[in-house]
Amino acid sequence: MNIVFSDIVFLPITTSTEDELGQVTEKEDYSRMVFCEKKSSPQSEFFQAGQSGIKASCVLIIHCLDYQDEVTVKFNNKIYHIYRTYERKDETIELYCEVKIGG
């Protein structure tokens with residue numbers, strides 16, 4: 001099955017800065033663009049995630065080489081938390097995403 005990557009997801013680049021007191025501040029800049037394909041969360045995934053207190057939102061499929069263990073992504077101007085991944089045989093990875101309320 002060939003996937004057509006018709007959307008773009010932004011992955012974070014994290015930078016750390018240290019002030020004069022030695023306090024380190026990290027900043028995430030969602031500037032790394034990669035192509036993706038969005039699909040809806042299957043009903044079974046929605047149900048299982050809900051039992052763990054997770055509100056499954058969507059599944060984003062990207063190439064494995066583009067994924068570097070990020071825990072958040074920005075898609076359609078929303079920040080999503082990645083709560084699970086699944087590496088497929090076609091050198092892509094599924095990122096199971098949720099929107100955290102108040103985050």
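Calculation rules
- Residues numbered from 1 in each chain as written.
- Predicted model: local features only at pLDDT ≥ 70, side-chain atom pairs only at ≥ 80, totals over all residues.
- Heavy atoms only, no water.
- Pairing = 2+ DSSP bridges.
- Helix = DSSP H or I, 4+ residues; strand = E, 2+ residues; numbered from the N terminus.
- Core = buried A, V, L, I, M, F, W, Y, C linked by side-chain atoms within 4.5 Å.
- Buried < 20%, exposed > 50% of the residue type's maximum accessible area, 1.4 Å probe, protein only.
- Salt bridge = Lys/Arg side-chain N within 4 Å of Asp/Glu carboxyl O.

**Student:** Which residues make up the pairing of strand β1 (residues 7–18), and what values go with them?
**Tutor:** As paired elements, β1 and strand β2 (residues 24–39) share 11 bridges and run antiparallel to each other. In the sheet register, V9 faces β2, and the bridge partner there is V34. The loop that links β1 with its antiparallel partner β2 comprises five residues; one of these, G22, has a positive phi angle of about 85°.

**Student:** Describe the nonpolar core, listing the residues and the values that go with them.
**Tutor:** Ranked by size, the top nonpolar core spans 15 residues in total, and within it V9, L60, I62, V73, L95 and C97 carry the most contacts. Counting residues per element, the ones that place at least two in this core are β1, β2, β3 (56–63), β4 (72–75), β5 (78–87) and β6 (92–98).

**Student:** Give me the lowdown on the pattern of salt bridges, citing residues and values where you can.
**Tutor:** The full count for this structure, using the stated rule, is four salt bridges. Residue E94 is joined to K39 by a salt bridge in which the shortest nitrogen-to-oxygen separation is 3.4 Å. Separated by 55 residues along the polypeptide, E94 in strand β6 and K39 in strand β2 bring together distant segments of the chain. With relative accessibility at 31%, the residue K39 sits in the partly exposed group. When the shortest N-O distance is used, the salt bridge between R88 and D90 registers 3.0 Å. Assessed through its relative accessible area of 16%, R88 is described here as buried. Among the residues examined, D90 registers a relative accessible area of 32% and is labelled partly exposed. Overlapping salt bridges bring together K39, R88, D90 and E94 as one network.

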